[in-house]
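Here's the letter readout for the chains.
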Amino acid sequence: MSWRDTLPSVRGKLLRDEPLGPFTWFRVGGAADVLFIPADADDLAAFLKAIDPAVPVMVLGVGSNVIVRDGGVEGVVIRLAGRPFAGITTEGDTITAGAGALDAMVAKASARAGLAGLEFYAGIPGTIGGALTMNAGCYGSETKDILVSAWGLTRAGERVDYSLTDFGYTYRHSEAPADIIWIEAVYRGTPDAPEAVAARIAEITSRREQTQPIREKTGGSTFKNPPGHSSWKLVDEAGWRGKLHAVTGGGAMFSELHSNFMINPGEATAADIEGLGEIVRVEVQSKLGVNLEWEIKRIGRPS
Ligand SMILES: Cc1cc2nc3c(=O)[nH]c(=O)nc-3n(C[C@H](O)[C@H](O)[C@H](O)COP(=O)(O)OP(=O)(O)OC[C@H]3O[C@@H](n4cnc5c(N)ncnc54)[C@H](O)[C@@H]3O)c2cc1C
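Per an unreviewed UniProt entry, the protein chain goes by UDP-N-acetylenolpyruvoylglucosamine reductase and derives from Brevundimonas subvibrioides. What UniProt states about the protein chain under its Pathway (unreviewed entry) heading is, verbatim, "Cell wall biogenesis; peptidoglycan biosynthesis." The Sequence similarities (unreviewed entry) field of the UniProt record for the protein chain holds the comment "Belongs to the MurB family."

Spelled out as structure tokens, the structure:
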């Protein structure tokens, strides 16, 4: 008997061998051994307490910064879907948002509440959980500039409370243990006219449309910007903008529009996408002498 035959009983959904590709922007990758969509945070905590501690557990947001490998993901993948995880409330100058809420929805709520500072979230197509993990940011602002605190659950199902400083944020990186599942975050904005906030959000949205392949199957920035360099320039100089590369499928490429964004033009596999990234990393190092570090998280088993 395997651990999958003795899963704890839950109020949410437990799905075996569930393909994860449809839950990611790249639309590639294998299945989760088990996908768990908890009914609420109590359901999740009870599940984490009850399941064998040796079983790996990870959480997926809306998959806008991940490659799920073709061999699927070992253990349990959790998705915080639905209302109990997506609430957004404002009080005074603070905004409380569930980890499953989209960043863009939080930006919109900040405009309605007349709070400035969260506009940049309109340009990031992930969830609050993903933003807390990645210290997501753009146009000179990062999650660390607006976050007050957050709480989550440990692998053992115990609640942990983090203030901003506990995260130890640096560029697209958090020092918090990777196995904490974030449930809710509190942000602080600065009072401003709702129309002024909304206008800045509209500007960010239209700028995105023009500069990023947001209608493609992509994972956002592939590499972090190395100190003193822009990754898109390095990819470009190494000659990889728009060049198709295939390993096991129809091939992947770096976008013509933004050469730090990889895209799946149709029939790519995760091996194509990750393989392309690795080739470019090696070439940028050998041709240009700069070390590129992945920003996209790669999860699961190769096929
Ligand atoms: C078109 C496009 C544009 C983008 N532009 C930007 C940008 O300007 N700036 C930027 O910073 N990013 C950008 N991204 C990347 C991405 O949107 C962000 O990193 C986002 O924060 C990821 O959120 P997600 O919900 O999609 O997380 P996922 O991609 O699903 O996961 C990313 C990581 O977060 C973890 N995670 C997710 N939810 C939780 C949770 N509740 N608790 C614990 N860990 C969790 C996952 O385990 C994984 O390690 C862009 C992506 C795309 C596709």
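Next comes the rest of the write-up.
Points about the overall build of the protein chain
Looking only at helices and strands, one finds six helices and 18 strands in the protein chain. Taken against the 2.2 N^0.38 rule, which gives 19 Å for 303 residues, the C-alpha radius of gyration of the protein chain at 20 Å falls within 12% of a compact globule. Dimensions along the principal axes, computed over C-alpha positions, put the protein chain at roughly 60 × 50 × 30 Å. Expressed as a percentage of the 303 residues in the protein chain, the buried residues total 49%. Counting contacts in the protein chain only where the partners sit at least 6 residues apart, residues at least 24 apart contribute 64% of the total. Accessible surface, the protein chain: about 13,500 Å² in total, of which carbon and sulfur atoms supply 52%. Once the 30 positive and 37 negative side-chain charges of the protein chain are each reduced to a mean point, those two points are 2 Å apart.

Quick notes on the pairing of strand β12 (residues 159-163)
Sheet analysis places strand β11 (residues 147-153) next to β12, joined by five bridges and oriented antiparallel. Residue pairing for β12: W151 is matched across the bridge by D161. Counting the residues between successive antiparallel strands, the hairpin from β11 to β12 contains five residues, one of them, G157, with a positive phi of roughly 85°.

What counts, and at which threshold
- Residues numbered from 1 in each chain as written.
- Predicted model: local features only at pLDDT ≥ 70, side-chain atom pairs only at ≥ 80, totals over all residues.
- Heavy atoms only, no water.
- UniProt positions renumbered as here; feature names shortened; annotations may be inferred.
- Helix = DSSP H or I, 4+ residues; strand = E, 2+ residues; numbered from the N terminus.
- Rg over C-alpha atoms; globule rule 2.2 N^0.38 Å.
- Buried < 20%, exposed > 50% of the residue type's maximum accessible area, 1.4 Å probe, protein only.
- Contact = heavy atoms within 4.5 Å.
- Areas by Shrake-Rupley, 256 points an atom, 1.4 Å probe, with all protein chains shown as cover.
- Lys, Arg positive; Asp, Glu negative; His and termini not counted.
- Charge placed at Lys NZ, Arg CZ, Asp CG, Glu CD.
- Pairing = 2+ DSSP bridges.

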